[in-house]
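Each chain is listed here by its residues.
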Amino acid sequence: MDSLAAAPGTGPNTSPLPVIRAPRKPAAFADLPTGRALVMGILNVTPDSFSDGGRHADADTAIAHGLRMFYAGADIIDVGGESTRPGAEEVAPDQEQARILPVISALVKAGALVSVDTTHASTARAALAAGAAIINDVSGLTVEPDMITLVAESGVPYILTHRRGDAATMDSLAHYDDVAAEVAAELTGVRDKLFAAGVAAEQIIVDPGLGFAKNDAQNWELLANLGPLKELGHPVLVAASRKRFLGSLLVSAGKAAQPLERDGATAAITAIAAANGAWGVRVHDVPANLDAVKVAARLAAAAPGA
Ligand code: PMM
């Protein structure tokens, strides 16, 4: 886990540099482990992400943190250069690419399986050229037509995340009668656009988009009812790590828990989501969440009738 020397959620990353290992052949999506949920380690190369903003803002620090997560056993490293939190400012694709491409190249060279967290087709294309193997797109219902074409042409796995609106508008769009059913229905609409463009069903991974146009109660409802999402027939990714709704849950002395104080609750969600059939979790604290998915898998193997 990252050092807690800095105030929670702020300040540069002060963790020791990892000992660099010999480069390995890059891992392939097809070689990902089976029998347990997968762990995707989050690497935000941004000055302003809510959960780790500024901690890995320069390429060397970001590469060191990515390697630390890879060596700790992360199955996928998710590299992003634009904060997607509510109210975040948009980053131009060329600036986003300048932040992430050197990081992606270095991690791929070390043997990591890398996903690129972007809503821009041009950035996704450049990331694939640098060796990324998965596109993680949180643009949701506003996905760029060019992104759809790229996913169809490249044939790479695509994480389709539910979001209404963008960083500026999403908080005002969190109105649902039945959040689990509506999220699944809206994702089905986008999924069908992907199919129409020639994207294969096996390429698609779906994500409920916790915190994206959802309030705290809606996030919990989604986690409590992954059923409608699973019924779409695609693997389900759950990305709860350090999100605001965990801060509101863990109030101490009248104050919401800060991002770095939310890792225990994140690991608890990971175990429960994995037990409920999630394909993977997107997390900051790789070791604890790897333990959590192993616990869920071992319990499932010991269940009556397993
Ligand atoms: N959330 C964030 C960024 N990328 N990707 C997916 N697939 N799902 C998410 O919910 C998601 C994401 C924002 O959180 P961060 O600042 O911790 O990266």
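Residues numbered from 1 in each chain as written. Predicted model: local features only at pLDDT ≥ 70, side-chain atom pairs only at ≥ 80, totals over all residues. Heavy atoms only, no water.

**Considerations on the nonpolar core**
The biggest cluster of nonpolar side chains holds 75 residues, and the ones touching the most others in it are Leu-43, Ile-77, Val-79, Ile-104, Leu-107, Ile-135 and Val-238. Counting ten residues, the second largest nonpolar core, distinct from the first, contains Leu-38, Met-40, Ile-76 and Trp-279. (Core = buried A, V, L, I, M, F, W, Y, C linked by side-chain atoms within 4.5 Å. Buried < 20%, exposed > 50% of the residue type's maximum accessible area, 1.4 Å probe, protein only.)

**Let's talk about helix α9 (residues 263–275)**
For α9, which comprises 13 residues, the first-to-last C-alpha distance of 18 Å matches the rise-based estimate of 18 Å (1.5 Å per residue) to within 8%. What α9 keeps buried is the set Asp-263, Ala-265, Thr-266, Ala-267, Ile-269, Thr-270, Ala-273 and Ala-274. Once α9 ends, the next one or two residues include Gly-277, with phi positive near 100 degrees. (Helix = DSSP H or I, 4+ residues; strand = E, 2+ residues; numbered from the N terminus. Expected span 1.5 Å × (residues − 1).)

**Focus: the site of the ligand**
The local shell around the ligand holds 18 residues, among which Asp-117, Asn-136, Asp-207, Lys-243 and Arg-282 are the closest. Between the ligand and Asp-207, the relevant distance is 2.7 Å, taken from a nitrogen atom to a side-chain nitrogen or oxygen of the residue. At 2.6 Å from an oxygen atom of the ligand is found a side-chain nitrogen or oxygen belonging to Lys-243. Calculation on the ligand without its partners gives an accessible area of 410 Å², and the protein chains cover 99% of this total. Secondary-structure elements contributing two or more residues to the shell around the ligand are β1 (38–44) and β5 (158–161). Partitioned by chemical class, the residues of the shell around the ligand number seven nonpolar, seven polar and four charged. (Near = heavy atom within 4 Å. Polar contact = N/O pair within 3.5 Å; in protein donor to acceptor, adjacent residues only side chain to side chain. Areas by Shrake-Rupley, 256 points an atom, 1.4 Å probe, with all protein chains shown as cover. Nonpolar A, V, L, I, M, F, W, Y, C, P; charged D, E, K, R; others polar.)

**Here we look at the packing of aromatic side chains**
Across all of its chains, the model carries three aromatic pairs by this definition. Summarising the aromatic geometry, the rings of Phe-70 and Tyr-71 are spaced 5.7 Å apart at their centres and angled 40 degrees between planes, so their arrangement reads as tilted. There is no split in this pair, since Phe-70 and Tyr-71 are both buried. Relative to Phe-245, the ring of Trp-220 lies with its centre 5.1 Å away and its plane at 75 degrees, an arrangement referred to as edge-to-face. Remark: Phe-245 occurs in helix α8 (residues 244–249) and Trp-220 occurs in helix α6 (residues 216–224); sequence separation between them is 25 residues. Judged by relative accessible area, which is 2%, Phe-245 ranks as buried. The side chain of Lys-243 reaches across the aromatic face of Phe-212, ending 4.8 Å from its centre. (Phe/Tyr/Trp six-rings, centres within 6.5 Å; stacked < 30°, edge-to-face > 60°. Lys NZ or Arg CZ within 6 Å of the ring centre and 35° of its normal.)

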